[in-house]
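Listed below are the residues making up each chain.
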Amino acid sequence: DRAGLQSGDKIIKINGESAYKISTEEVIKKLRGEKGTAVNVHILRGQSEPFEITLIRDKIPIKSVIAYFLI
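Residues numbered from 1 in each chain as written. Predicted model: local features only at pLDDT ≥ 70, side-chain atom pairs only at ≥ 80, totals over all residues. Heavy atoms only, no water.

With that out of the way, let us pick up the overall build of the protein chain. Each helix and strand in the protein chain was counted, giving two helices and four strands. The order of helices and strands in the protein chain, counted from the N terminus, is β-β-α-β-β-α. Taking 11 Å as the expected radius of gyration for a compact globule of 71 residues, we find that the protein chain reaches 15 Å, considerably beyond that expectation. Its C-alpha atoms give the protein chain principal-axis dimensions of about 45 × 30 × 25 Å. Every one of the 71 residues in the protein chain was classed for burial, and the buried ones make up 14%. The long-range fraction of contacts in the protein chain, counting pairs at least 24 apart against all pairs at least 6 apart in sequence, stands at 46%. For the protein chain, the computed accessible surface area is about 6200 Å², with 55% contributed by carbon and sulfur atoms. Looking at charge distribution, the protein chain has the averaged site of its 12 positive side-chain charges lying 4 Å from that of its 9 negative ones. (Helix = DSSP H or I, 4+ residues; strand = E, 2+ residues; numbered from the N terminus. Rg over C-alpha atoms; globule rule 2.2 N^0.38 Å. Buried < 20%, exposed > 50% of the residue type's maximum accessible area, 1.4 Å probe, protein only. Contact = heavy atoms within 4.5 Å. Areas by Shrake-Rupley, 256 points an atom, 1.4 Å probe, with all protein chains shown as cover. Lys, Arg positive; Asp, Glu negative; His and termini not counted. Charge placed at Lys NZ, Arg CZ, Asp CG, Glu CD.)

Here's what the structure looks like:
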């Protein structure tokens, strides 16, 4: 969100390597890393030209909903 990525954006390169036809697990491996380090990704958004963005890795909090709130 802070980097300006939007729903529907497609990652086409990670650190200069093609992301075409690689598995989700491989994408995650390439994007993960030590907090504070950078990763360059090329993004394709709709019909526009691809653009490059540098992401700074950080801890991403994952908050779940407590089950009894769902009932």
